[in-house]
Amino acid sequence: AETVRLLSSSQVINSVVNVVKELLENSLDAGSTSIDVKLENYGLDRIEVRDNGSGIEASDVAVMAVKHYTSKISCHEDLERLETYGFRGEALGSICAVSEVCVTTKTGADDVSIQYTLDVTGHIVSQRPSHLGQGTTVCALKLFKNLPVRRQYYSNTKKCKEEMKKVQDLLMAYAVVKPGLRVTLTHNKAVVWQKARVSDHRAALMAVIGAACMANLLPLQHRQEQPEITIQGYFPKPGCDYTSSSSSSPDKTFVFVNDRPVHHKDILKVFVSVQCKLLNARFRDPSCRRYPTMMMNIIIPPSTVDVNVTPDKTQVMLHYKEAVLSAVEAMLVSLYGAAAK
Ligand code: ADP
Ligand code: MG
């Protein structure tokens, strides 16, 4: 049973960035407006995510890291109106299987926070009062200590640095869709990146990509019925050449489906093909096809999205994929069409 647990867990939790993603999503699901992510030795020695969210009720603590426990859905129908990032009750338990976990939590009703130490099966082995404010702090120590091959993979500093860049990109993506979120990333006690709480999406995107990049973008919204699709975002202004290598803008292409950062190959293909058709001949040279700095949030009824395709929930299956892709195309053609003529 130990081995099976380890194998299935290490599939859900396969990297440092994965751990951070799951903990961050839990914090957001708990309504947090402030999240601090702290890594030590690139997350291999310690990953800590501290939030100011709802905290975990004492009655839930005993089961929170037990496999498939979730407080977020209670029946199959709930999946159809899913508004939380989590729903499988898999993350905490999996993190326990591949590291040493302790959770400190305090709800609004609790007098003091309690720190719980969990074992590999997600059961509480000890607890003691601590001094933190409302919210939850999860620490995962010695990640992959029981998976030597994976640990070995990270013995390379270059790999570690790549992984940390991914953590930062991940935090940036959530920072873009959550303007009200204050977030920091710390590595070995030095702040690597942070974003303050701001009031709207525009300010959030600006905080992430910088004012200079923001100046090249245009806000756009597209709404249609049957199927119901809303696309909101900031797109490169017509004629803006983001393909030139001299451009100092970092590639920050943020695509979300219902506020969930997603892998966006098909959607970006539409973007590139519209650009190819309408605008820039240089696009026909594949080596010039860099993705632009932009942000697009596709909002569709939760019942028409399946986020359960891959363990990390970054691939989505859309019931009306063609309709969504053609809505994206229509919107881009309306933006760039005039300029192309
Ligand atoms: P899921 O997110 O799919 O429900 P997880 O294993 O990630 O599953 O978390 C299990 C449960 O632990 C959650 O349903 C929630 O009740 C609780 N939990 C975990 N992290 C937090 C947090 N930061 N704040 C409040 N509750 C949390
Ligand atoms: Mg979760």
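S.K.: What is the right way to read the overall build of the protein chain from this model?
M.R.: On a plain count of helices and strands, the protein chain comes out with 10 helices and 15 strands. A burial count over the protein chain gives 48% of its 341 residues as buried. Restricting the contact set of the protein chain to residue pairs at least 6 apart, pairs at least 24 apart contribute 66%. Put simply, the protein chain shows about 16,100 Å² of open surface, and 52% of that area lies on carbon and sulfur atoms.

S.K.: Sorry, what's going on with the state of the cysteines here?
M.R.: By definition, a disulfide links the sulfur atoms of two cysteines through a covalent bond. Here the structure, examined in full by the defined rule, presents zero disulfides. Free of any disulfide, Cys102 has its nearest cysteine sulfur in Cys139, 4.5 Å distant. For Cys102, a relative accessible area of 15% puts it in the buried group.

S.K.: In this structure, what is going on with the site of ligand 1? I would like to understand it.
M.R.: Inspection of the region around ligand 1 gives 19 residues, with Asn26, Thr70, Ser71, Lys72 and Gly89 positioned closest. The side chain of Asn26 places a nitrogen or oxygen atom 2.8 Å from an oxygen atom of ligand 1. Thr70 places a side-chain nitrogen or oxygen 2.5 Å from an oxygen atom of ligand 1. Considering ligand 1 on its own, with 530 Å² of exposed area, one finds that the protein chains cover 95% of that surface. Among the secondary structure elements, those contributing two or more residues to the shell around ligand 1 are α2 (16–29) and α4 (91–98). Here the shell around ligand 1 is composed, by residue class, of seven nonpolar, eight polar and four charged.

S.K.: Would you explain the environment of Glu2 in this entry?
M.R.: Looking at the secondary structure, you find Glu2 in helix α1 (residues 2–12). Distance from Glu2 to Thr121, taken between C-alpha atoms, is 8.4 Å for residues 119 residues apart in sequence. The contact partners of Glu2, leaving out residues within four places of it in the chain, are Val120 and Thr121.

S.K.: In this structure, what is going on with the sheet that holds strand β11 (residues 253–257)? I would like to understand it.
M.R.: Ordered by their spatial adjacency, five strands build an open sheet running β9-β10-β13-β11-β12, and the pairing between neighbours is mixed. Every interior strand has two partners, whereas the edge strands, β9 (217–224) and β12 (260–261), have only one. Inspection of the sheet shows β11 paired to strand β13 (residues 294–299) by five bridges, in the parallel sense. Within the sheet, the bridge partner assigned to Thr253 lies in β13 and is Met294. Helix α6 (residues 157–177) rests against β11, β12 and β13 of the sheet, and its axis sits at about 60 degrees to β11. Contacting β9, β10 (229–236), β11 and β13, helix α7 (residues 201–209) crosses the sheet at an angle of about 140 degrees to β11.

S.K.: Sorry, what's going on with the pairing of strand β6 (residues 135–141) here?
M.R.: Every other side chain in a regular strand lies on the same face of the sheet, so the side chains alternate between the two faces. The buried fraction of β6 amounts to six of the seven residues, a majority that puts the element mostly inside the structure. As paired strands, strand β2 (residues 46–51) and β6 are joined by five bridges and run antiparallel to one another. Bridge pairing links Glu48 to Cys139 in β6.

S.K.: Hey, could you run me through the packing of α2 against α4 in this one?
M.R.: The geometry of a pair of packed helices is captured by two quantities: the angle between their axes and the separation between those axes. Running from N to C, α2 and α4 cross one another at 145 degrees; their axes reach a closest spacing of 10 Å. Crossing angle aside, the handedness with which α2 passes α4 is left-handed. Across the interface between the two elements, Val19, Glu22, Leu23 and Asn26 of α2 pack against Ala91, Leu92 and Ile95 of α4. Along the lines of polarity and charge, the residues of the contact of α2 with α4 split into five nonpolar, one polar and one charged.

What counts as what
Residues numbered from 1 in each chain as written. Chains lettered and ligands numbered in written order. Predicted model: local features only at pLDDT ≥ 70, side-chain atom pairs only at ≥ 80, totals over all residues. Heavy atoms only, no water. Helix = DSSP H or I, 4+ residues; strand = E, 2+ residues; numbered from the N terminus. Buried < 20%, exposed > 50% of the residue type's maximum accessible area, 1.4 Å probe, protein only. Contact = heavy atoms within 4.5 Å. Areas by Shrake-Rupley, 256 points an atom, 1.4 Å probe, with all protein chains shown as cover. Disulfide = S-S within 2.5 Å. Near = heavy atom within 4 Å. Polar contact = N/O pair within 3.5 Å; in protein donor to acceptor, adjacent residues only side chain to side chain. Nonpolar A, V, L, I, M, F, W, Y, C, P; charged D, E, K, R; others polar. Pairing = 2+ DSSP bridges. Axes fitted to C-alpha atoms, helices over the stretch in contact; angles between N-to-C directions. Left-handed = near helix turned anticlockwise from the far one by under 90°.

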